[in-house]
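The residues making up each chain are set out below.
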Amino acid sequence: MSNTPAPEAAADTSPSAEPAPTLHGHPLTDSFGQPVVHVARSSYVALIKQLANDGYVMAIDLCGVDYLTHPGRTLPEGIAPERFEVVVNLLDIEHRRRLRVRVQIPADDATCPTLFDLHPGTEAMEREAYDMFGISFANHPDPTRILMPEDWDGHPLRKDYEVGVIPVQFSADYVQNAPRAEETSAWQ
Amino acid sequence: MAVIDETQAGLLHQTGEGAQELRPRSELTAKELLREVGAVLRMSEAEAAKYAAGTGDNEYHDDQTMIINMGPQHPSTHGVLRLMLELQGETVLRCKPIIGYLHTGMEKTGETLTYMQGGTNVTRMDYVSPLNNELVFSLAVEKLLGIDGDIPERAVWMRMLLSELNRMSSHLLFMATNGMDLGAVSMMLYGWREREEVLRFFQKVTGLRMNHNFIRPGGLAADLPAGWRDDVLAILDMLPPRLAEYDVLMTGQPIWRDRLQGVGVITAQEAMALGTTGPILRSTGLAWDLRRDMPYLRYDEVEFDVIVGTYGDCFDRFAIRLNEIRESMKIVRQILDHMPSGDYRIQNKKVTPPPRARIDESMEALIHHFKIFTEGFKVPEGEVYVAIESPRGEIGCYIASDGSSKPYRMHVRAPSFVNIQTLPHMMRNCLVADAVAIISSVDPVLGEVDR
């Protein structure tokens, strides 16, 4: 179907002896036996399109990750860690293989191109990523919140969004643990 | 009057979802329509061009159509799914599912629980097949720990047994709800009755009917109780005549077929574009089942058929689920024949709490027990995505670990969440009564949709 090597085969090559494996020119790494390709935001959609031609016809999952408190993660050379990451899991039905695509999204410009035109099924997942992380997807047809109420403040899965406290009634520190004003404001 | 207006405004504010809602036809943009039909999937190029120019589909005026809410309390929405339907008479012109009513932030909760405790959280997502949720979470954690190849054989086969029985109970529940939605009320009682037999077995094994937290990283919580084989055989003997009864009651019945055949049709290409998996994808004729195509556990060692449909309609989805119960029974019989003896969990001091008896006699065991249950065990840095075939489709678990004892990010790819995206597509230009059949045939579990 394509003249590019299967990512599994490419991932097996040891990085010390040979040049680091790549897929369509993007660094390819191996995470617990699963191939992962890292791509810059600018060539993200182009890569997904190339991969769709290679047989990865289904975008099975898309989610965001906030690496605010874990900046020192392992990334291949040439990929600078940013605060957010969009992780797309692709599935190739014909060759029965999977591939993960990771895109770095900077905190000061948390936008990402949408995959909707290519894989309409990512519509709800991108809305969820926006809702939970505040990563906005450019040209998404329906850029609204999906799980949280429309007037909710903040994006809950961000690491600097505190877990709410449910006050335990009649305990000694009941008043102390009462929810803060900004937590309750969303309900009013 | 003023009081009523004020109350209404208050209610509107409390219940309104603002921009998430379905807009009136006059405010409809081409983009939104494209979203609904899944890009240009069902449109000719001329039609697509018309929509892009903003001139398509305007044969109705706002006054001629009506936007109504179906749900969140409608019984056939299986929980709290709210559909906004634009109706022209009895015909559904547009549809938008609005979700989030059951959102409890389970992915955020997952970040505050250790890997040991995580099972209690994920098991509550798809509450109709909790064991599959636990299984995918455990498999992901085991992959991160690097012990996925060391799980004892008995634990692996026990997991398969529970997973398949859970598929049966989930599909039996579908039989019940599908029957109820279409007016076959006696079917509801039958389906629940048969499911209860399976749940009774789960209760005997795990102590709970639902939300078991029984499959854990490293193996299972306990061994199978004495007499389990007889209980499983009793279920396997009980079911075939009852399934034959379902065939009489539903499959061959003309009213049933009329209600389902040709309703909610979706093609393989559309289903794949929308990311759909499970019985919906298989109903289009595409034989894609992770148990066969990307085997996990020991599914490559058992014989079973992947059931596919032809037309991609509601009847195919019903028939697939009915026959998948039979296939699962076939697998369960093979598991009974094969069930090896041995340990039900990995004996790895890092992951497994010591047995109760050891705690009484060994100080180290007590310390170990205490550390595992307070701190939890540390999991190497990295990220994995593991997927299995749940009764509803591909359930996946993406875990990013920072090397601590709690997941840095735990994401569950819930099949229902993705599958309900097919609703607007399948409901286009159907009747309201068929809308109920279509929701039912997607078989969404809202606990999993909203997480």
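Thresholds applied
- Residue numbers run consecutively from 1 along every chain, following the written order of its sequence.
- Going through the entries in the order they are written, you letter the chains from A and number the ligands from 1.
- Selection of residues for local features in this predicted model requires a pLDDT of at least 70, selection of side-chain atom pairs for listing and counting requires 80 or more, and totals for whole chains, interfaces and linings are taken over all residues.
- Values shown for side chains rest on all heavy atoms present in the structure; no hydrogens or waters enter the calculation.
- UniProt positions are given in the numbering used here, feature names are shortened, and annotations may be inferred rather than shown by experiment.
- Secondary structure elements are defined from DSSP: runs of H or I of at least 4 residues count as helices, runs of E of at least 2 residues count as strands, and each element is numbered from the N terminus.
- Three exposure classes are used, based on accessible area relative to the maximum for each residue type with a 1.4 Å probe and protein chains only: buried under 20%, partly exposed in between, and exposed over 50%.
- By the convention used here, residues are in contact when the closest approach between their heavy atoms is within 4.5 Å.
- For accessible areas, the Shrake-Rupley method is used with a probe of radius 1.4 Å. Any residue's cover is judged against the shown protein chains and nothing else.
- A pair is scored as a salt bridge if a Lys or Arg side-chain nitrogen falls within 4 Å of a carboxyl oxygen belonging to Asp or Glu.
- We call two N or O atoms a polar contact when they sit within 3.5 Å, provided that within protein one can donate a hydrogen and the other can accept it, with sequence-adjacent residues counted only if both atoms are side-chain atoms.
- One number per residue, pLDDT, summarises how confident the predictor is, and it ranges from 0 to 100.
- Aromatic rings from Phe, Tyr and Trp, taking only the six-membered ring of Trp, are treated as a pair when their centres fall within 6.5 Å; an angle between ring planes under 30 degrees marks them as stacked, one over 60 as edge-to-face, and anything in between as tilted.

Comment text from UniProt for chain A, heading Sequence similarities (unreviewed entry), reads "Belongs to the complex I 30 kDa subunit family."

Chemist: What's the story with the overall build of chain A in this structure? I'm lost.
Modeler: The number of helices and strands found in chain A is 4 helices and 8 strands. When its helices and strands are written in sequence order, chain A yields α-β-β-β-α-β-β-β-β-α-β-α. Every one of the 188 residues in chain A was classed for burial, and the buried ones make up 51%. Intrachain contacts of chain A at a sequence separation of at least 6 include 56% that bridge at least 24 residues. About 8,700 Å² of surface is accessible on chain A, with carbon and sulfur atoms providing 54% of the total.

Chemist: Explain the pattern of salt bridges to me, please; I cannot follow it from the model alone.
Modeler: Close approach of charged atoms lets side chains of opposite charge pair. All names here are of chain B. Going through the model one piece at a time under the given rule, you end up with 44 salt bridges over all chains. For Glu-107, the salt bridge goes to Arg-409, with nearest N and O atoms at 3.0 Å. With Glu-107 in helix H4 (residues 106-112) and Arg-409 in strand S8 (residues 409-413), this residue pair connects regions lying 302 residues apart in the sequence. Looking at Glu-107, the relative accessible area reads 4%, which means it is buried. Of the charged contacts, one joins Glu-164 and Arg-167 as a salt bridge, the two residues approaching to 3.2 Å between their closest N and O atoms. Taken together, the residues Glu-164 and Arg-167, both in helix H7 (residues 153-181) and 3 residues apart, mark about one turn of the helix. For Glu-164, a relative accessible area of 0% corresponds to the buried category. With relative accessibility at 1%, the residue Arg-167 sits in the buried group. Within the structure, one salt-bridge network assembled from shared partners comprises Glu-164, Arg-167, Arg-282, Asp-289, Arg-291, Glu-324 and Glu-389.

Chemist: Sorry if this is basic, but what is going on with the side chain of Gln104(A) here?
Modeler: Residues and elements named next belong to chain A. You can see Gln-104 is positioned in strand S6 (residues 97-105). Residue Gln-104 is classed as buried on the basis of its relative accessible area, which comes to 8%. Within the local environment of Gln-104, its side chain forms a polar contact with the side chain of Arg-73, the two groups lying 2.6 Å apart. A distance of 2.8 Å separates the side chain of Gln-104 from the side chain of Glu-85, its partner in a polar contact. Ignoring any residue separated from it by four or fewer positions in sequence, one finds Gln-104 in contact with Val-39, Arg-41, Arg-73, Leu-75, Ile-79, Ala-80, Pro-81, Glu-82, Phe-84 and Glu-85.

Chemist: Whenever I open this one, the confidence of the model for chain A confuses me. Can you help?
Modeler: Reading predicted coordinates in detail is not appropriate for stretches of low pLDDT. On average, residues of chain A carry a pLDDT of 80, and 77% of them reach 70 or more. Taken together, the stretch residues 1-15 of chain A has pLDDT below 50 and engages in 23 contacts with residues farther than four places along the chain or on a different chain.

Chemist: What's the story with the environment of Leu446(B) in this structure? I'm lost.
Modeler: Mapped onto the elements of the fold, Leu446(B) is located in helix H20 (residues 446-450). Taking C-alpha positions, Leu446(B) is 8.7 Å from Tyr101(B), a pair spaced 345 residues apart along the chain.

Chemist: I keep staring at the packing of aromatic side chains and nothing clicks. Help me out?
Modeler: Any two aromatic rings considered together are summarised by their centre-to-centre distance and by the angle between their planes. Under the definition given, this model contains 7 aromatic pairs over all chains. Both rings, one in Tyr67(A) and one in Tyr408(B), keep their centres 5.5 Å apart while their planes meet at 10 degrees; by these two values the pair is stacked. In this pair, Tyr67(A) sits in the loop between strand S4 (58-66) and strand S5 (84-92) while Tyr408(B) sits in the loop between strand S7 (393-401) and S8, so the two residues belong to two different chains. Given the relative accessible area of 4%, Tyr67(A) is considered buried. Seen from their ring centres, Trp256(B) and Phe318(B) are 5.3 Å apart, and the 65 degrees between their planes marks the pair as edge-to-face.

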